[in-house]
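Understanding the architecture of this molecule
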Amino acid sequence: MNLSLHPLRAVIALALLCLVPVLLPGYQTTLATLTLIYTLLAMSVDILAGYAGRTPLCHGALFGVATYVVMYFVTTATGNPWLGALLGIAAAGVVALIFALLAVRTTGVYFLLLTLALGMIIWGVCQRWTSVTGGENGLRGTVRPEWLADPARFFYFVLAITALATFAMWRFVNSPFGLSLKGIRESESRMRSLGYNSAQHLIIAFVFSGLMAGLSGALYAWFNGFVSPSSVALAQSVKGLLIAIIGGIGTLFGSALGAIIIVLLENVVSSFTQRWSMVLGLLFVLAMIFTPEGLLGKLRQLTGRRRAAA
Amino acid sequence: MDRRKFLSSATSATGLAYFGDFERAFAQGTGPIKIGLLTPLTGVVAAGGKEIVEGFNLYWQQVGKKIGNREVQVLVEDDGSNPDVSLQKARKLTEQDKVHFLVGDLLANTGLAVAEYAKTSGIPYFIPVIAADDLTQRKRIPNVIRVAGYSASQMPRPLADYVFKKKGYRKVITISQDYTFGHEQCGGFCQVFTELGGSILAQHWNPLNTQDFSPYLAQIQSAKPDAVFAMETGADATRLIQQWNNFGLKAKIPMLGAQNATDQSVIRTLGAEAEGIISSAHFAEGNDNPATKKFVAEYETAFKHLPSIYGFSHYSCAAWLAAAIKTINGNVEDRPKFLDAVRKTVLTNSPLGRPVRLDDYGNPIYDVYIRNVVKRSDGHYWNVPIETYPGVSQFWTYKPEEYMKQPPYSRSFQGIKKS
C-alpha cells in the first residue's frame, strides 16, 4: 500500500533477496526458493481473504491442480516443461472459474465450507483416478527445464517470477477494481445498490487469485519433481491461509513474513524437536491473541504507518 | 548452526553437481559416519515410526555407536507420513547435514518419493520397510537397496499356498487399503491362490484411515466366503479387527492377515479379538529360535513392549549395514564400494537366527513363517510360527525374467487366473 510512495523499498528488498544464494548457499537457497513459492500461494489467498472478504479453503487444490498438470504433461505425456507450466496455470484458472461460479454468492462460513468441499473433490479425484494421477503414490520425475537445473539460477528465476506476480497482484488490489472488492468486503448490499455487479467482480478476483495459486503450483512442480494427493489436500489450503494470516491478512506483503516463519518451522525447528507442529500451533494461537492483524499489520501499527485499510 | 554454515558454504564452492566427489575428498575415513533416518513421527503411521527409531538405535547402542574406530551418528528426521515432507527432509539430510546415506520411511509413497531423489542425487538409500515391489524389480535404482526389508507381494504367497493346501479354502474375499502396498500384497495372494484353483469372490478397497468398515463387512458376510484376507496397517487394522469382532463375524468367517495386519504394533493394543488370525511373514516374535528369543527379550527390556516388524527390520538393517561397513574398513565415502559391500553381505547375526542374503535384484530371500496369533503366558498376544516355507524370494516359484514381463500389481491387475 505504501510501496507506491517508496519504490526504493522494493528495490532494496529485491537487492537483498538477490544476495540469498551468495550468503546462504546450498540447501538454504533451496529453502528460500520454497519460501518464495509459498509466499505466492499465500498472496493469492490474501487477494480473496484480505481484499474481497471471502476466506477460501480451496487454494491448495488450485495449487495442486497446476502441479499435477505440469507433472503429468511433462512425465507421462513427455511434453515441454514450459508449455506444461502454462497449461498448469491455465488449468488452475479454469478450475478457479468453475469454483467461483459455484461459490461467490455465498459469504462468511458458507463460503469457507463450500470452497473446502470443492477442494476436497479435487483431492478425491487425484486420489482415485489412479491411471492418470498415480493415486496415493503420485507422479515423479524431473520436470524442471534443464536451463534451470542449477539451484541458484532456479532461485533467481523464481524470484523474478515472484516479483512480477507480486507487482501484478499489488496493482490488482490497488486498482479501482481492487477498491470495488474492498467495497464488497465492507458492505456488499451497498455496493450492489450503487450499481456494481458484485458477483462478477468476485468471479474476476477469484479467477485471478486462482491463476496466481496455479503459478505457485507450477513452480512447485519444477521445484519438487513430485506430486501426490498431499499437495492438493486440505492441509495445503490451510497452510496457504495460515501463512497469509500470520503475515497479516489484507497486507499482501505480509505473506512473505508468514512464509518465512512456516518454512523455518517446518524445516529448521523440526530438527530440534519432534513437536514442531505444536510450536506452530502455539505460535498461531499467540499470533491470534496478540496480533490478530498479522505480523506486518502489527509492524505497520507500531511504526504508525498504518493507514485506514478500507 | 556455525558448523552447518561452514559446511554448506564450503560445499557451495564446488556446486551441487560435484557434491559427491567433493564429499569423498573432504571426509575420507575420518569423522563420524552420519546416517540420515527418515521416519514418520507424526501423522497416520506415527506409532510405527517411533518403533523404527527404537529398533535402529537399539543396535547402535548395543555396539557402542561405533564401527571400527569411526563413530556413528544417527540423525532422525520426521517425514510426517507425507511424501512432500519426506522429500524435503531427504534433501535437508543430504544437502545440509551431509549424511553418508539415508535409511527408512514407512509408507510406500514416502519411500518412492525419496527413492526418486536418491536416483537423481546418487545418495545411497536403504529401505527396510518400504515394500513397493518395483523398487527391486522393474524399476530398480542401483543405489536403493532393500536391506533387511521385503517386497510386498513376497510375503502373502506362502499364505495363499498354505490355506489352499492345508486349510482347504477355495473362496476368499480380500479387503485392503487402497494404495500400492495393499494392491501388491493382495496381488501376491490372489495370483498364487487362483493359480492353485481357488477363486476370489470380491475385492474391497478402503481408503486409508477408514473409520467405519460396516459397509464392507455387510457385503463380506452376505457373500459367504471360506475366509477373508485382510491387508490393513496401523489404526485401520485395529479398527477392522475390532469391528470384525463386534459384528460377530469372528466366529463365522476365518480371517487371514497380511503380516502387518497382525503385526505387534497392531495386536498389542488389542485383546482376544486378534486371536487366531493366520498370517505369513519372515519374522515372528513368538518364535522359539534362540536368536529371536534373545532379541525379543532385549527389546522388551529396553522399550517395555514386544518388537514389531518396524523395530525388527530396522534393527536388522543396522546390523546389516554395520557388517558391510566393516568389510570396507569404514570407508562409506566410496559409494560404489560401499553399495557393493552391502549387496554382498550375508547377515549371520540377525534376530532371525538364520543367514539372510540378497537376491540378484537387491531383495532379501527369507524363510517365511505361517503365523498364528496366540496368547502368551503373561496375557499379551503374539505371532507364533506354525509352518515354515524355506527360501522364499520375491519371485516365489516364478522365473524372474518371465515374472517381470507381467504388469505390476494394481487395482486393475491382480494376477487373477480365470479358471
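Remember, predicted model here, so these are calculated numbers, not experimental data.

Helices and strands together make up the secondary structure of chain B, namely 14 helices and 14 strands. Taken over the C-alpha trace, chain B has a radius of gyration of 21 Å; the compact-globule value for 419 residues is 22 Å, and the two agree within 12%. Counting only C-alpha atoms, chain B reaches 70 × 45 × 35 Å along its principal axes. Buried positions account for 53% of the 419 residues belonging to chain B. Taking contacts inside chain B between residues at least 6 apart in sequence as the whole, the part at least 24 apart equals 72%.

What follows covers the overall build of chain A. Counting its regular elements, chain A contains 15 helices and two strands. Here chain A has a C-alpha radius of gyration of 19 Å; the compact-globule value for 310 residues is 19 Å, and the two agree. Taking the principal axes of its C-alpha atoms as reference, chain A extends roughly 50 × 45 × 35 Å. Burial status across chain A gives 53% buried among its 310 residues. Contacts in chain A between residues at least 24 apart in sequence constitute 78% of all its contacts with a sequence separation of at least 6.

Glancing now at helix 3 (residues 46–62) of chain B. Residues and elements named next belong to chain B. Here helix 3 spans 25 Å end to end across 17 residues, near enough to the 24 Å set by a 1.5 Å rise per residue. Of all the residues in helix 3, the buried ones are G48, G49, E51, I52, V53, G55, F56, Y59 and W60. Contacts made by the buried residues of helix 3 are with strand 1 (33–39), strand 3 (70–78), strand 4 (101–104), helix 9 (234–246), helix 10 (264–267) and helix 12 (309–327). One or two steps after helix 3, the chain reaches G64, where phi turns positive at roughly 75°.

Turning our eyes to something else, we now look at the packing of helix 4 (residues 59–76) of chain A against helix 12 (residues 234–247) of chain A. Residues and elements named next belong to chain A. The interhelical angle for the contact between helix 4 and helix 12, taken along N-to-C directions, is 115°, at an axis separation of 6 Å. In terms of their interaxial angle, helix 4 and helix 12 are classed as roughly perpendicular. Pair helix 4 / helix 12 crosses with right-handed handedness. Here H59, G60, A61, F63 and G64 of helix 4 come into contact with helix 12, specifically with L234, Q236, S237, K239 and G240. Partitioning the contact of helix 4 with helix 12 into residue classes produces three nonpolar, six polar and one charged.

A few words on the interface of chain B and chain A. Listed per partner, the contact involves 27 residues of chain B and 23 residues of chain A. The set of elements that each furnish at least two residues to the side of chain B that touches chain A consists of helix 1 (2–12), helix 4 (83–96) and helix 5 (108–121) of chain B. For the side of chain B that touches chain A, the leading source of residues is helix 4 of chain B, giving eight residues. Considering only residue class, the side of chain B that touches chain A consists of eight nonpolar, twelve polar and seven charged.

In this section: the sheet that holds strand 1 of chain B. Two orientations exist for strands paired in a sheet by backbone hydrogen bonds: parallel and antiparallel. All names here are of chain B. Strand order in this open sheet of six strands is 2-3-1-4-5-6, and the pairing throughout is mixed. Two strands in the sheet have a free side with no partner beyond their single neighbour: strand 2 (66–67) and strand 6 (144–145). Taken together, the two bridges between strand 2 and strand 3 define a ladder with antiparallel strand orientation. Within the sheet, the bridge partner assigned to K66 lies in strand 3 and is E71.

The share of residues in chain A with pLDDT of 70 or more is 95%, and the mean pLDDT across the chain is 86. With pLDDT under 50 throughout, residues 1–5 of chain A is counted as low confidence; its partners more than four residues away or in other chains account for six contacts.

Turning next to the pairing of strand 8 (residues 199–206) of chain B. All names here are of chain B. Across seven bridges, the pairing between strand 7 (residues 171–177) and strand 8 is parallel. Considered in strand 8, the bridge of K171 is made with S199. In this fold, strand 7 hands off to helix 7 (residues 180–196), which returns the chain to strand 8; that crossover is right-handed.

Before going further, it helps to examine helix 6 (residues 156–165) of chain B. All names here are of chain B. Burial analysis of helix 6 places nine of its ten residues in the buried class, the great majority of the element. Residues of helix 6 that are buried include every one of P156, R157, P158, L159, A160, D161, Y162, V163 and F164, and no others. On the buried face of helix 6, the contacting elements are helix 7, strand 9 (227–231), strand 10 (255–257), strand 11 (278–281), strand 13 (364–375) and strand 14 (381–392).

A separate point is the nonpolar core. In this structure, V65 of chain A together with L102 of chain B are the most contacted members of the largest nonpolar core, which totals 211 residues. The element best represented in this core is helix 3 (residues 27–51) of chain A, accounting for 16 residues. Setting aside its immediate chain neighbours within four residues, V65 of chain A contacts A91, A92, V95, I122, G214, G217 and V232 of chain A.

The side chains of a regular strand alternate between the sheet's two faces. Residues and elements named next belong to chain B. Burial analysis of strand 9 places four of its five residues in the buried class, which makes it a mostly covered element. As paired strands, strand 7 and strand 9 are joined by five bridges and run parallel to one another. Bridge assignment links I173 to a residue of strand 9, and that residue is V228. Here three bridges tie strand 9 to strand 10, and the two strands are oriented parallel to one another. From the neighbouring strand, F229 faces strand 10, where its bridge partner is L256. Read as a crossover between parallel neighbours, the route from strand 9 over helix 9 to strand 10 is right-handed.

Attention now moves to the packing of helix 3 of chain A against helix 13 (residues 254–272) of chain A. All names here are of chain A. Viewed as axis vectors pointing N to C, helix 3 and helix 13 meet at an angle of 130°, and their least axial separation amounts to 8 Å. By the angle between their axes, helix 3 is oblique relative to helix 13. As helix 3 packs across helix 13, the resulting crossing turns out to be right-handed. Only S255, A256, G258, A259, I260, I262, V263 and N267 of helix 13 make contact with helix 3, whose side of the interface consists of L31, L34, T35, Y38, T39, A42, M43 and D46. Its residues placed into classes, the contact of helix 3 with helix 13 shows ten nonpolar, five polar and one charged.

Residues and elements named next belong to chain B. With respect to the secondary-structure elements, M255 resides in strand 10. Overall, the presence of 24 C-beta atoms within 10 Å leaves M255 in the buried class. Counting along the chain gives 43 residues from M255 to D212, while the straight-line C-alpha distance between them is 18 Å. For M255, the residues in contact, after removing those within four places along its chain, are A227, V228, A230, W244 and I277.

It is worth spelling out the environment of T94 of chain B at this point. Residues and elements named next belong to chain B. Mapped onto the elements of the fold, T94 is located in helix 4. Here T94 falls in the buried class, since 24 other C-beta atoms lie within 10 Å of it. Separated by 29 residues in the primary sequence, T94 and I123 place their C-alpha atoms 7.5 Å from one another. Other than its neighbours up to four places away in sequence, T94 contacts G36, V99, S121 and I123.

Another point: unusual backbone geometry. Its identity as a non-glycine residue notwithstanding, T78 of chain A has a phi of 45°, on the positive side. Relative to the helices and strands, T78 of chain A resides in the loop between helix 4 and helix 5 (81–103). Not every positive phi belongs to a glycine, and K304 of chain B is a case in point at roughly 65°. Assignment of secondary structure puts K304 of chain B in the loop between helix 11 (290–303) and helix 12.

Analysis parameters
- Residues numbered from 1 in each chain as written.
- Chains lettered and ligands numbered in written order.
- Predicted model: local features only at pLDDT ≥ 70, side-chain atom pairs only at ≥ 80, totals over all residues.
- Helix = DSSP H or I, 4+ residues; strand = E, 2+ residues; numbered from the N terminus.
- Rg over C-alpha atoms; globule rule 2.2 N^0.38 Å.
- Buried ≥ 20, exposed ≤ 12 C-beta atoms within 10 Å, placed from the backbone.
- Contact = placed C-beta atoms within 7 Å.
- Expected span 1.5 Å × (residues − 1).
- Axes fitted to C-alpha atoms, helices over the stretch in contact; angles between N-to-C directions.
- Parallel < 35°, antiparallel > 145°, perpendicular 65-115°, else oblique.
- Left-handed = near helix turned anticlockwise from the far one by under 90°.
- Nonpolar A, V, L, I, M, F, W, Y, C, P; charged D, E, K, R; others polar.
- Pairing = 2+ DSSP bridges.
- pLDDT = per-residue confidence, 0-100.
- Right-handed = clockwise from strand over helix to strand, strands pointing away.
- Core = buried A, V, L, I, M, F, W, Y, C linked by C-beta atoms within 7 Å.

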